[in-house]
Amino acid sequence: MTDMKQPESKRLDCKQTNGKRVVVIGGGVIGCLTALYLHELGANPIVLEKGVAGRESSWAGAGILCPIHPWLYPDSFTHLIDASLAMYPAMDAMLHEKTGMSMQWLKSGLLIPLFDDDRVHHRDDALKWSHRFDWHVEELDAGQTQMHVPTISDKVNGSLLWPDVGQVRNPRLLASVSKALELANIPVRQHAEVVGLGENGQGEINAVTLASGEQVEADAVLLAAGSWSGELAKQIGLALPVEPVKGQIVLLKGEPGKVQHIIKHDDVYLVPRSDGHILVGASMERVGFEQGTTKAVIDALLEATYRITPGLKSAEVVNQWMGFRPGSPDGMPYLGPVEGRKGLWVACGHYRNGVALAPGTADLMSRMIMGEKPDMDLSDFRVDRPVVELNRVGFPKAA
Ligand SMILES: Cc1cc2nc3c(=O)[nH]c(=O)nc-3n(C[C@H](O)[C@H](O)[C@H](O)COP(=O)(O)OP(=O)(O)OC[C@H]3O[C@@H](n4cnc5c(N)ncnc54)[C@H](O)[C@@H]3O)c2cc1C
């Protein structure tokens, strides 16, 4: 635990008389949206962001509103995803009404092509999972697949299509959340890195310390620092195995309508935007906080793209970028209170699914922080759950 004692003059008394003062550490989609929902419930949140809010994983991601391989997770994960996706219409409407901005939430459908030599071993599991959880899925033959995706390889001999799967454009989602925070006068302090937590002597967390030495007082603190949550937790003696998993993305300039569905094969996916751009993602790299894109990875993404849709070979590469997914060993987020640290809450480790899980997380966390009991079983997401590496959804092998 960092020593929190500061000279009285350096203390910033932010406690409000009306409403619970909640300090949210991290200005990604999880922190910002939870702050907004907390405000709706009558709290006085403040977001502290070490850099510029909404510029890390939440900006970089592809915005697919469906896990990559949902059938590989425990059922509790599907329940959480289902609950969160069910909140998208209300969240979209609320943000649009407040800000007039659109996150470009689009039901583009998701298609998994099947090749002769296919490595989609879990096709049966995918179908079983879809039927069990009532995710509408269609099996298409080669001709039907060709009709849905004219640019697809002639080696594809069928596909699975989930027509209801949607997508959002991350930067636009973040822009609308940020505007809503601004309109609600919820402070978002940029370049305000939290380096420690303060206790009141009875083990209750009641403040955070910034790198500048300033203290910000709080009735509750929410750790939502994405990939950096594990490091920050360590500084306060809390074991939280959240680590960055780097993902690189390349953007193609296509023609609007040429690819209509999100197409996914193994770990490569193509996300068509309504303006014709096609986002191709994404690598899974356990290389710490190593910045920058690499030619080898971008070339591998393009090669996989051309194998699925040779018709895209002529599409110009217009951009590439990367981000750090807040990875966890079992691919599932950490959600809830920290035992023995009253007032400290955690919402991090959303890994590959933080955008899909954002409204569900914000709703659950804001209600719990305000004293409500969660209406779903969150034991699989406990902060002190055993560290178990789940095959295929946990960490990739280190480089
Ligand atoms: C390439 C890629 C593709 C993805 N695709 C998808 C997808 O298709 N669908 C999907 O649902 N998800 C996807 N994701 C995952 C999703 O983007 C993340 O799970 C989600 O954005 C996590 O949000 P967050 O708010 O926890 O983290 P972040 O957005 O990383 O935000 C955390 C914030 O905390 C700040 N911070 C850190 N430490 C401190 C500190 N000490 N003090 C103050 N602030 C601090 C950081 O600067 C950062 O702004 C993808 C991610 C990547 C990288």
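See the structure shown above.
Residues numbered from 1 in each chain as written. Predicted model: local features only at pLDDT ≥ 70, side-chain atom pairs only at ≥ 80, totals over all residues.

Q: Before we move on, could you go through the site of the ligand and cite the residues and values that matter?
A: Near the ligand lie 42 residues; those nearest to it are G26, G28, G226, G247 and G354. Mapped onto the shell around the ligand, the elements with two or more residues apiece are α1 (29–40), α2 (57–60), β12 (243–253) and β16 (316–327). When the residues that make up the shell around the ligand are grouped by side-chain class, the tally is 19 nonpolar, 17 polar and six charged. A domain-level breakdown of the shell around the ligand finds at least three residues from each of domain 1 (8–75 + 77–81 + 171–241 + 329–381) and domain 2 (110–164 + 243–327). (Near = placed C-beta within 6 Å. Helix = DSSP H or I, 4+ residues; strand = E, 2+ residues; numbered from the N terminus. Nonpolar A, V, L, I, M, F, W, Y, C, P; charged D, E, K, R; others polar. Domains from an automatic or database assignment.)

Q: Account for the sheet that holds strand β5 (residues 138–141), naming residues and giving values.
A: Spatial ordering of the open sheet is given by β5-β6-β4-β13-β14-β15-β12-β16, a layout of eight strands whose pairing is mixed. Of all the strands in the sheet, the pair left with one neighbour each is β5 and β16. Taken over all neighbouring pairs, the strand axes of this sheet differ in orientation by 20° on average, direction set aside. The pairing of strand β13 (residues 262–265) with strand β14 (residues 268–272) spans three bridges and is classified as antiparallel. Bridge pairing links K264 to Y269 in β14. (Pairing = 2+ DSSP bridges. Axes fitted to C-alpha atoms, helices over the stretch in contact; angles between N-to-C directions.)

Q: Please set out the sheet that holds strand β3 (residues 44–48) residue by residue, giving values where relevant.
A: The strand order across the open sheet formed by six strands is β7-β3-β2-β11-β18-β17, and the pairing between neighbours is mixed. Unpaired on one side and paired on the other, β7 (188–189) and β17 (334–337) mark the two borders of the sheet. Sheet topology note: the β17/strand β18 (residues 344–348) ladder contains four bridges and is antiparallel. Each bridged residue has a counterpart across the sheet, and for Y334 the counterpart in β18 is C348. Contacts from α1 reach β2 (21–25), β3, β11 (220–223) and β18 within the one sheet, and its direction differs from that of β3 by about 165°. (Contact = placed C-beta atoms within 7 Å.)

Q: Would you mind going over the environment of T305 in detail, with residue names and values included?
A: By the secondary structure assignment, T305 is in helix α9 (residues 295–308). For T305, a count of 22 C-beta atoms within 10 Å puts it in the buried group. Once the C-alpha coordinates of T305 and Y269 are considered, the two residues, 36 residues apart in sequence, prove to be 8.0 Å apart. If near-sequence neighbours (up to four positions away) are discounted, T305 is found in contact with V268, L270, V280 and L312. (Buried ≥ 20, exposed ≤ 12 C-beta atoms within 10 Å, placed from the backbone.)

Q: Pulling in residues and values, what's your account of the pairing of strand β8 (residues 194–199)?
A: Regular strands place side chains that alternate from one sheet face to the opposite one. Taken together, the five bridges between β8 and strand β9 (residues 205–210) define a ladder with antiparallel strand orientation. Residue pairing across strands places L197 opposite V208, the latter belonging to β9. Hairpin connection, β8 to β9: the antiparallel pair is bridged by five residues, and G201 has positive phi, about 100°.

Q: Pulling in residues and values, what's your account of the packing of helix α4 (residues 88–99) against helix α7 (residues 170–183)?
A: For the pair α4 and α7, interaxial distance at closest approach is 9 Å and the crossing angle is 55°. The angle between the axes of α4 and α7 places the two elements in the oblique class. α7 is crossed by α4, and the crossing has left-handed handedness. Taking contact as the criterion, the partners of L95, K98 and T99 in α4 are, on α7, S176, V177, K179, A180 and L183. (Parallel < 35°, antiparallel > 145°, perpendicular 65-115°, else oblique. Left-handed = near helix turned anticlockwise from the far one by under 90°.)

Honestly, it's all geometry; don't read function into it.
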